[in-house]
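Survey of secondary and tertiary structure
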Amino acid sequence: MSEDCIFCQIVAGDIPSRTVYEDDTVLAFLDANPLSPGHTLVIPKTHHERLNDTPADVAGEVLSTLHELVPAVEAAVDAPASTVAFNNGEEAGQEVPHVHGHIIPRFEDDGGRPIHALVTDSPDLSDGELDAIEADIAAGLE
Ligand code: 5GP
Ligand code: ZN
């Protein structure tokens, strides 16, 4: 547990939450400032700042919980779709530094936008630049 982490305090029961699912590894609860009805957060119970810091088995549990919860959340609020996303790091908009997946139910004409709307001036990358990025990512996995 990280003493000054809001989500660790929720896990510890020191801050109340509207919990929709819990097991030994994962906790899911309603977002306190929902972007739409049913906006739900899924977190590991252990403190890891970003996906990058999260052990693979724990990250797998978070993903499988998201997988299980998405249809339940959509059904609960009669949503035909949802945006499922992580703000992974401060520069990406992550405000609470304890990794969490968002399930944001979406509705026709809800005024929300797709993930592609996050960036308005996308880069125009050459084939050479794309080749280098492709190779660097693959090399980083070795
Ligand atoms: P981020 O911007 O870090 O991806 O999202 C953090 C989310 O946590 C926000 O949507 C915010 O509304 C939610 N949040 C922050 N503090 C609390 C809290 O104390 N309780 C709950 N349930 N949600 C919180
Ligand atoms: Zn934490």
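Residues numbered from 1 in each chain as written. Chains lettered and ligands numbered in written order. Predicted model: local features only at pLDDT ≥ 70, side-chain atom pairs only at ≥ 80, totals over all residues. Heavy atoms only, no water.

Going by the annotation in an unreviewed UniProt entry, the name recorded for the protein is HIT family protein, with Haloarcula mannanilytica given as the source organism.

Here's the deal with the side chain of histidine 100
By the element assignment, histidine 100 lies in the loop between strand 4 (81–85) and strand 5 (101–106). Among the polar contacts listed, one links the side chain of histidine 100 to the backbone oxygen of histidine 98, at a separation of 2.7 Å. Residues within four places of histidine 100 in sequence aside, it is in contact with Phe7, Leu41, Val42, Ile43, Ala85, Phe86 and Gln94. (Helix = DSSP H or I, 4+ residues; strand = E, 2+ residues; numbered from the N terminus. Polar contact = N/O pair within 3.5 Å; in protein donor to acceptor, adjacent residues only side chain to side chain. Contact = heavy atoms within 4.5 Å.)

A short note on the coordination of the zinc ion (ligand 2)
In this structure, Cys5 (SG), Cys8 (SG), His47 (ND1) and His98 (ND1) serve as the protein donors to the zinc ion (ligand 2), at separations of 2.0 to 2.3 Å. Each donor residue of the zinc ion (ligand 2) lies on one chain, and together they are spaced C-x2-C-x38-H-x50-H. Placement of the pair is cysteine 8 in helix 1 (residues 6–12) and histidine 47 in the loop between strand 3 (40–44) and helix 2 (56–77), with a sequence separation of 39 residues. Its relative accessible area of 2% is what places cysteine 8 among the buried residues. Relative accessible area serves as the criterion here: at 28%, histidine 47 is assigned to the partly exposed category. (Donors = N, O, S within 2.8 Å, 3.2 Å for Na, K, Ca; no water. Buried < 20%, exposed > 50% of the residue type's maximum accessible area, 1.4 Å probe, protein only.)

Let's talk about the site of ligand 1
Surrounding ligand 1, one finds 16 residues, the nearest of these being Asp31, Glu95, Val96, His100 and His102. In the environment of ligand 1, an oxygen atom lies 2.8 Å from a nitrogen or oxygen atom belonging to the side chain of histidine 100. When ligand 1 is considered free in solution it has 520 Å² of accessible area, and contact with the protein chains removes 82% of it. Of all the secondary-structure elements, those providing two or more residues to the shell around ligand 1 are helix 1 and strand 2 (26–30). When residues of the shell around ligand 1 are assigned to their parent elements, the largest contribution, three residues, is made by helix 1. Looking at side-chain class alone, the shell around ligand 1 contains eight nonpolar, six polar and two charged residues. (Near = heavy atom within 4 Å. Areas by Shrake-Rupley, 256 points an atom, 1.4 Å probe, with all protein chains shown as cover. Nonpolar A, V, L, I, M, F, W, Y, C, P; charged D, E, K, R; others polar.)

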